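Structure assessment
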Amino acid sequence: MDRINLRLSTETFGAIDDARAKRAGRVSRNTWIAEAIEEKLAREVVSLQEDAVRSAANA
C-alpha cells in the first residue's frame, strides 16, 4: 500500500467524525475515507458506463 498526506479543513474532518460516530461499531478515520474513495470510484465507473450507453444510443 502507498501512503499519502491528506490536507482537509477542520470542518471536513468534523463532518467525517460526525458520520463515523453515527455508524454502528467503530471505524477509523482512515477506513472511513478509504471507503468513501472506493464509493466515489464505483460511481464514476457507473457514470462512465451510462455515458457510453447514451453515446451509443445517439450514434
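Note that this is a predicted model, so its numbers are computed, not measured.

Each value, and the rule that gives it
- Per-chain numbering applies: the sequence of each chain, read as written, is numbered from 1 onward.
- Totals for whole chains, interfaces and linings use all residues, but because this is a predicted model, local features are given only for residues with pLDDT of at least 70 and pairs of side-chain atoms are given and counted only at 80 or more.
- Excluding hydrogens and water, the side-chain values take into account all heavy atoms of the structure.
- To qualify as a helix, a DSSP run of H or I must reach at least 4 residues; to qualify as a strand, a run of E must reach at least 2; elements of each kind are numbered from the N terminus.
- The globule rule used here is 2.2 Å times the number of residues to the 0.38 power, and the radius of gyration it is set against is calculated over C-alpha atoms.
- Classification of residues uses two cut-offs on accessible area relative to the type maximum, computed with a 1.4 Å probe and protein chains only: under 20% is buried, over 50% is exposed, and between them is partly exposed.
- Only the protein chains shown count as cover for residues, with accessible areas throughout obtained via the Shrake-Rupley method and a probe of 1.4 Å.
- All tallies of charge rest on Lys and Arg as positive and Asp and Glu as negative; His and the ends of each chain are not included.
- Working definition for charges: the position is that of NZ of Lys, CZ of Arg, CG of Asp or CD of Glu.
- Grouping into patches uses exposed residues only, defined as over 30% relative accessible area, and leaves out salt-bridged ones; the cut-off is 9 Å for like charges and 5 Å for nonpolar side chains (Val, Leu, Ile, Met, Phe, Trp, Tyr).
- A pairing counts as a salt bridge when a side-chain nitrogen of Lys or Arg comes within 4 Å of a carboxyl oxygen of Asp or Glu.
- Between the N-to-C directions of two axes lies an angle of 0 to 180 degrees, each axis being a line fitted to C-alpha atoms and, for a helix, fitted only over the stretch in contact.
- Each angle gets one of four labels, with under 35 degrees taken as roughly parallel, over 145 as roughly antiparallel, 65 to 115 as roughly perpendicular, and the rest as oblique.
- Residue contacts are counted whenever heavy atoms from the two residues lie within 4.5 Å of one another.
- When residues are sorted by character, Ala, Val, Leu, Ile, Met, Phe, Trp, Tyr, Cys and Pro go into the nonpolar class, Asp, Glu, Lys and Arg into the charged class, and all the rest, Gly among them, into the polar class.

1. Here's the deal with the overall build of the protein
Tallying secondary structure elements over the protein gives 2 helices and 0 strands in all. Taken against the 2.2 N^0.38 rule, which gives 10 Å for 59 residues, the C-alpha radius of gyration of the protein at 17 Å runs more than 25% over that of a compact globule. Across its three principal directions, the C-alpha atoms of the protein cover 50 × 25 × 25 Å. The burial tally for the protein puts 5% of its 59 residues in the buried class. As displayed, the protein has an accessible area near 5400 Å², and 53% of this comes from carbon and sulfur atoms. If you average the places of the 10 positive and of the 10 negative side-chain charges in the protein, the two averages end up 6 Å apart.

2. A short note on a nonpolar patch on the surface
Taken together, Ile4, Leu6 and Leu8 make up a surface patch of nonpolar side chains, about 290 Å² in accessible area. In this fold, Leu8 is placed in the segment before helix 1 (10-22). Using a relative accessible area of 32% as the deciding quantity, one classes Leu8 as partly exposed.

3. Let's talk about the pattern of salt bridges
Tallying each qualifying case throughout the model produces 4 salt bridges. Of the charged contacts in the structure, one is a salt bridge between Arg23 and Glu35, with a shortest N-O distance of 2.5 Å. With Arg23 in the loop between helix 1 and helix 2 (29-58) and Glu35 in helix 2, the pair connects residues that are 12 residues apart, well separated along the chain. According to the relative accessible area criterion, Glu35 is partly exposed, its value standing at 29%. Put simply, Lys40 and Glu44 hold a salt bridge, and the shortest N to O gap is 2.8 Å. Placement of the pair is Lys40 and Glu44 together in helix 2, with a separation of 4 residues, close to one helical turn. Given the relative accessible area of 36%, Glu44 is considered partly exposed. What you see here is one network of salt bridges that share partners, running through Asp17, Arg20 and Arg29.

4. Digging into the packing of helix 1 against helix 2
Two numbers describe how helix 1 lies on helix 2: the axes approach to 10 Å, and their chain directions differ by 95°. Overall, the two elements helix 1 and helix 2 adopt an arrangement that is roughly perpendicular. Along its contact with helix 1, which presents Phe13, Ile16, Asp17, Ala19 and Arg20, the element helix 2 presents Arg29, Trp32 and Ile33. A class-by-class count of the residues in the contact of helix 1 with helix 2 yields 5 nonpolar, no polar and 3 charged.

5. Quick notes on the environment of Ala21
The topology assignment puts Ala21 in helix 1. Linking Ala21 and Lys40, residues 19 residues apart in sequence, is a C-alpha distance of 21 Å.

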